[in-house]
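# Examining the three-dimensional arrangement
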Amino acid sequence: MKALVIGIGTATFLSGCTLGIQPQGNSPSISYTVPRSYQIVYLRAQNQASECLRGKKQYDVYAQVDPVLQTALVAVRGPMESIEVARTEIKAVDARHTEVTHAVWGRSPWDNKALNAMRESIRMDTSVCMVYK
């Protein structure tokens with residue numbers, strides 16, 4: 001069994017198939033500024049990720065905040081902990097405005113629908129798990 005898992009992993013790696021958000025910026029993303037403090041945006045992003053993933057044990061929500069730099073990160077990791085499928089980066093512009101950047105893997109369900117749901121959750125200050133447009 002172990003040899004089979006290694007073989008599949010090697011084949012995936014050699015085939016050029018990429019998993020998760022790509023660091024080169026090749027994954028779908030959006031950035032915008034909202035009229036809210038970075039703490040409020042952080043709590044909303046963390047809550048949205050947790051609510052939308054309730055019952056989906058293959059994903060893990062990782063969140064951290066840096067009060068000195070006034071930044072925060074909320075990431076959703078897939079079955080292998082090192083694979084991020086969704087990420088929200090948060091940075092205070094001033095006391096009442098925050099810059100937000102969302103990125104997703106680009107494969108269903110981590111595609112533009114998820115990206116839009118993440119953005120609408122922040123903008124509307126309520127958890128949105130799917131957006132139909």
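Here's a quick rundown of the structure.

About the cut-offs
- Residues numbered from 1 in each chain as written.
- Predicted model: local features only at pLDDT ≥ 70, side-chain atom pairs only at ≥ 80, totals over all residues.
- Heavy atoms only, no water.
- Helix = DSSP H or I, 4+ residues; strand = E, 2+ residues; numbered from the N terminus.
- Buried < 20%, exposed > 50% of the residue type's maximum accessible area, 1.4 Å probe, protein only.
- Contact = heavy atoms within 4.5 Å.
- Phe/Tyr/Trp six-rings, centres within 6.5 Å; stacked < 30°, edge-to-face > 60°.
- Lys NZ or Arg CZ within 6 Å of the ring centre and 35° of its normal.
- Salt bridge = Lys/Arg side-chain N within 4 Å of Asp/Glu carboxyl O.
- Core = buried A, V, L, I, M, F, W, Y, C linked by side-chain atoms within 4.5 Å.
- Expected span 1.5 Å × (residues − 1).
- Arc of directions from axis to C-beta.

### Remarks on the overall build of the chain
A count of helical and extended segments in the chain gives three helices and five strands. When the helices and strands of the chain are read in sequence order from the N terminus, they spell out α-β-α-β-β-β-β-α. When the 133 residues of the chain are sorted by exposure, 37% land in the buried category. For the chain, the proportion of contacts with a sequence separation of at least 24, taken over those separated by at least 6, is 53%.

### What about the packing of aromatic side chains?
One pass over the structure, following the stated rule, counts one aromatic pair. Ring centres of Tyr-59 and Trp-110 lie 5.1 Å apart, and the angle between their planes is 70°; this geometry places the pair in the edge-to-face category. With a gap of 51 residues between them, Tyr-59 in the loop between helix H2 (38-52) and strand E2 (60-66) and Trp-110 in the loop between strand E5 (97-104) and helix H3 (112-124) connect regions that are remote in the sequence. The ring of Tyr-62 carries Arg-77 above its face, with NZ or CZ at 4.2 Å from the centroid.

### Details of the pattern of salt bridges
According to the stated counting rule, one finds five salt bridges in the structure shown. Where Arg-87 meets Glu-89, a salt bridge forms, and the shortest distance between an N and an O atom there is 3.4 Å. In this structure Glu-89 comes out as partly exposed when scored by relative accessible area, which is 38%. The salt bridge involving Glu-120 is made with Arg-123; its shortest N-O contact spans 3.2 Å.

### Topic: the nonpolar core
The biggest cluster of nonpolar side chains holds 25 residues, and the ones touching the most others in it are Val-76, Ile-90, Trp-110 and Ile-122. Only strand E1 (29-34), H2, strand E3 (71-77), strand E4 (84-94), E5 and H3 provide two or more residues apiece to this core. The element that contributes the greatest number of residues to this core is H2, accounting for five residues. Dropping the residues within four chain positions of it, Trp-110 is found in contact with Leu-53, Tyr-59, Val-76, Val-85, Ala-86, Val-104 and Trp-105.

### Notes on H2
If you check H2, its first and last C-alpha atoms are 21 Å apart, about what 15 residues at 1.5 Å a residue would give, namely 21 Å. If you check which residues of H2 are buried, you get Tyr-38, Val-41, Tyr-42, Arg-44, Ala-45, Gln-48, Ala-49 and Cys-52. The buried residues of H2 occupy an angular sector of 165° when the element is viewed end-on, so they sit on one face. Of the surrounding elements, those touching the buried residues of H2 are E1, E2, E3, E4, E5 and H3.

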